Amino acid sequence: MAAIETNGLTKVFGDSVVAVEDLDLEVEQGEVYGFLGHNGAGKSTTIDILLDFLHPTDGSASVLGHDTREESLAIRERVGVLPEGAKLYDRLTGREHIEFAMEIKGVDGDPDDIFERVGLDRDDADRTVGEYSKGMCQRLGLGMALVGDPDLLILDEPSSGLDPTGMSEMRDLIREEADDGTAVFFSSHLLTEVEAVCDRIGILSDGKLVAQDSIEVLRERFGGEATIEVTVDAVPDDGFDLETVDGVLGSTVDPEEDTVVVECEDSTVRGDVVQRVGEAATIIDIVSEEASLESMFEEYVRNGTGEELAGGDLDSESADGSTKSEESASSNGSETEVAR
Amino acid sequence: MNWLTIAKKDFRDARRSKILWGALLIFNVFIVAVLGTNSTDPGGPYSAAQVGMSTMVGVGMFFLPLIMLVIAYLSITGEQESGSIKYLLGLPNTRLDVLVGKLVGRTAVAMLGIGVALVVGALIMSVRFDEVPVGQYAGFSLMILYFTAVYVAIAVGVSALCRTRARALAGTLGVYFVFSVLWIFPSFNPQTAVSYVVEDLLGLAAMPRLYDLILHLSPSYAFSIANYELVLDMTRGGYMGTYVDGFPFYLQGWFMLVILLAWFVAPLAIGYARFRKAELS
């Protein structure tokens, strides 16, 4: 029995806004699954369906073997949930929140243990949540999710509002839970976060799953593509004409920063690129990156179905890949910023 | 028993809200003003205590609903708007748990505040009036608390239907204005509208009993009649029909309690029917 399984899950808002399309997910018991995608890709919609906050337009979903529509209560008895963008109760203290969750879940125990685990000290526990920072709210929300030792944690953007230390602690906590046998399903638009902690990831783009596999496999598929960023004294008016260099996949010139970012087929191409740039301008700085997960993520999202990279070998096949690609390409520019 | 846990949480939450206490304070001030200033020797057939209580009924039938609406109109809508309902329903609670918990929690807050006002009222009466009818005051207090519960239920029911604050406010105020103000407004009410339909459009004989029943369907009117007939022992005029052999059962005091019960149940049932299947986002 899978921790989460969806079959052809589709959610359409109104007449035509497709938030999730024909989604087939499978999350195993005990694994940490990163659900990756830009804001608006359909991650929260999917999670809302798992918790029966939203109802599927088509297809079905089950959590721990229970159908989300028929047996939602049974699901929520065994799941810990951290919703995204949900406010807590301003007039109640942190302790009262945890005690409430404990009473609802019918578990005894010391709320202080929870506070310790999520990194809230005792003084904070007795303050009302109205005085909490966003990061503290996020920790408290996570604490509520941990109550009752759930079999599955569903965390929607768990690191939002957390500082780098908090994010790192959050990752440690997720790993701890996983080592305990708890399955963790968490959504994120931050690749670094997913990379550090997940057994497997699924990439969601425009409501579709464009890739689902372990990070190693996804990285392998992506091959040795490399990126190089060159800063020059001044970008010449007619550019660098880099596309004619063998092995260059694409380049982006930023005249204001006087930089050019070049994507190369593999790392050996970089020398040629530097040479070509050096012929046209004076090089000030060179930054070179190996294939990063982030560029891989962007590549998957840009291609919509990921077929070009993976040779159609992915979990999600697309019949209308061409139109999808156009849509995601047109919206890609602004979303890229969000992901970084 | 999750509803009880939710009710306790909601009670705790609501009881720390200054707005709710402000609303309840206004009612306390109002009780002090009425009972502290009305005549201790009104003359006529009724005692000073009776007149004082009937004044409170007359004003309370319009005033209490507004306080209850303030207390409860955001009970569920507010959780939807802030998203906290995702925490609430991410835990193993049913939607019915939420509805009942909210109803009980807000009713408890309202009754606590109104209860204080009633005790204050009793103290003032015992100081100012020679004779305090303890039984009558107890009955009057129960009526007030019953009416309180009814209007909290109406507000919670509407709140279960509405996703935004604006809608919940419009919905609860709409119910109040239609059923507790317009309904009773002389010469501009459903009574006269129905008599127009029956007599002028349909050409039928006048049906005064029907008109009188329709008037009594207003929760505020039913509340006042129940008080006059069952508790204060005062007569009421203003009927369109003549009832020399006594009122039909549906115009009698006890039936007003049934009408109020319907007002307690129906909004909750309608709200739940919708909330049970509603999508949250």
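The structure under discussion appears in the preceding block.
Being a predicted model, the structure only gives us computed values, none of them experimental.

Student: Account for the overall build of chain B, with residues named and values stated.
Tutor: Summing up its helical and strand segments, chain B has 12 helices and zero strands in all. For chain B, the C-alpha radius of gyration of 20 Å lies close to 19 Å, the compact-globule estimate for 281 residues. Expressed along its principal axes, the backbone C-alpha trace of chain B runs to roughly 60 × 60 × 30 Å. Burial status across chain B gives 52% buried among its 281 residues. If you take every contact in chain B between residues at least 6 apart in sequence, the share linking residues at least 24 apart comes to 80%. When the accessible surface of chain B is totalled, it reaches about 12,100 Å², and 69% of it is carbon and sulfur.

Student: Kindly report on a nonpolar patch on the surface, identifying the contributing residues and their values.
Tutor: Residues and elements named next belong to chain B. Taken together, the side chains of Tyr196, Val197, Leu201, Leu202, Leu204, Met207 and Leu210 present a nonpolar region at the surface, about 630 Å² in accessible area. The greatest single-element share of the nonpolar patch, amounting to three residues, is contributed by helix α9 (residues 190–201). The topology assignment puts Leu202 in the loop between α9 and α10 (208–216). You can call Leu202 exposed: its relative accessible area is 52%.

Student: Would you mind going over empty space enclosed by the protein in detail, with residue names and values included?
Tutor: Counted according to the given criterion, the structure contains two cavities of 30 Å³ or more. When its volume is computed, the second largest cavity comes out at roughly 60 Å³. Around the second largest cavity, the lining residues are Val79(A), Gly80(A), Val81(A), Pro83(A), Lys105(A), Met144(A), Ala145(A), Lys86(B), Tyr87(B), Gly90(B) and Leu91(B). When residues of the lining of the second largest cavity are traced back to their parent elements, those giving at least two are β7 (79–82) and α6 (134–146) of chain A together with α5 (85–90) of chain B. Looking at side-chain class alone, the lining of the second largest cavity contains seven nonpolar, two polar and two charged residues.

Student: A description of the pattern of salt bridges should follow, citing residues and the corresponding values.
Tutor: Considering all chains together, one arrives at 25 salt bridges over all chains under this definition. The partner of Glu177(A) in a salt bridge is Arg117(A), and the shortest N-O contact between them spans 2.5 Å. Here the residue Glu177(A) occupies a position in helix α7 (residues 164–179), and Arg117(A) occupies one in helix α4 (residues 111–118), the gap between them amounting to 60 residues. Connected via shared salt-bridge partners are Lys9(B), Asp10(B), Glu79(B), Lys102(B) and Arg106(B).

Student: Could you give an account of the sheet that holds strand β10 (residues 200–205) of chain A, with specific residues and numbers?
Tutor: Residues and elements named next belong to chain A. Taken together, six strands build an open sheet; the order of strands is β7-β8-β9-β4-β10-β11 and the sheet is mixed. The sheet terminates laterally at β7 and β11 (208–214), the two strands that pair on one side only. Averaged over all adjacent pairs, the angle separating strand axes in this sheet is 15°, with direction ignored. Strand contacts of α6: β7 and β8 (152–156), with the helix running at about 170° to β7, the strand carrying the most contacts.

Student: Kindly report on the side chain of Ser224(B), identifying the contributing residues and their values.
Tutor: Residue and element names in this part refer to chain B. With respect to the helices and strands, the residue Ser224 is situated in helix α11 (residues 219–232). Here Ser224 falls in the buried class, since its relative accessible area comes to 2%. Those residues in contact with Ser224 that sit more than four places away from it in its chain are Val57 and Met61.

Student: Run through the packing of aromatic side chains, naming residues and quoting values.
Tutor: Under the defined criterion, the tally for this structure stands at 16 aromatic pairs over all chains. Residues Tyr33(A) and Phe185(A) carry aromatic rings whose centres are separated by 5.6 Å and whose planes lie at 20° to one another, so their mutual orientation is stacked. Of this pair, Tyr33(A) sits in strand β4 (residues 32–36) while Phe185(A) sits in strand β9 (residues 183–188), and the two are 152 residues apart along the sequence. The burial state of Tyr33(A) is the same as that of Phe185(A); both residues are buried. Seen from their ring centres, Phe249(B) and Trp254(B) are 6.2 Å apart, and the 20° between their planes marks the pair as stacked. Owing to a relative accessible area of 42%, Trp254(B) belongs among the partly exposed residues under this scheme. The rings of Phe249(B), Tyr250(B), Trp254(B) and Phe255(B) are connected pair by pair, giving a single aromatic cluster.

Rules used in this analysis
Every chain begins its residue count from 1, and numbering advances along the sequence as written. Chains carry letters from A onward and ligands carry numbers from 1 onward, assigned in written order. Whole-chain, interface and lining totals are the exception, using all residues; otherwise, since this is a predicted model, local features are given only for residues with pLDDT of at least 70 and side-chain atom pairs are given and counted only at 80 or more. The basis for every side-chain value is the complete set of heavy atoms in the structure, and neither hydrogens nor water enter the calculation. A run of H or I in DSSP becomes a helix once it reaches four residues, and a run of E becomes a strand once it reaches two; helices and strands are each numbered from the N terminus. The globule rule is 2.2 Å times the number of residues to the power 0.38, and the radius of gyration it is compared with is taken over C-alpha atoms. A simple rule labels every residue: compare its accessible area, found with a 1.4 Å probe on the protein chains alone, to the largest value its type can have, and call it buried under 20%, exposed over 50%, or partly exposed in between. Any two residues having at least one pair of non-hydrogen atoms within 4.5 Å are treated as being in contact. Residue-level accessible areas treat just the shown protein chains as cover; the underlying method is Shrake-Rupley with a 1.4 Å probe. Patch criteria: residues need more than 30% relative accessible area and no salt bridge. Like-charged residues are merged within 9 Å; nonpolar side chains of Val, Leu, Ile, Met, Phe, Trp and Tyr are merged within 5 Å. Think of a salt bridge as a Lys or Arg side-chain nitrogen and an Asp or Glu carboxyl oxygen that are within 4 Å of each other. Think of a 1 Å grid over just the protein atoms. A cavity is a set of points where a 1.4 Å probe fits yet cannot get out, a pocket is an open set with protein on both sides within 12 Å along at least five of seven lines, and lining residues have an atom within 4 Å of a point. Grid points are joined across faces, edges and corners, and a volume is the space filled by probe spheres set on the points. Put simply, Ala, Val, Leu, Ile, Met, Phe, Trp, Tyr, Cys and Pro go in the nonpolar bin, Asp, Glu, Lys and Arg in the charged bin, and everything else, Gly too, in the polar bin. Any two strands with at least two DSSP bridges between them are considered paired. Each axis is a line fitted through C-alpha atoms, taken for helices only over the stretch in contact, and angles between the N-to-C directions span 0 to 180 degrees. Between 30 and 60 degrees the pair is tilted, below 30 it is stacked and above 60 it is edge-to-face, where a pair is any two Phe, Tyr or Trp rings, Trp via its six-membered ring, whose centres lie within 6.5 Å.

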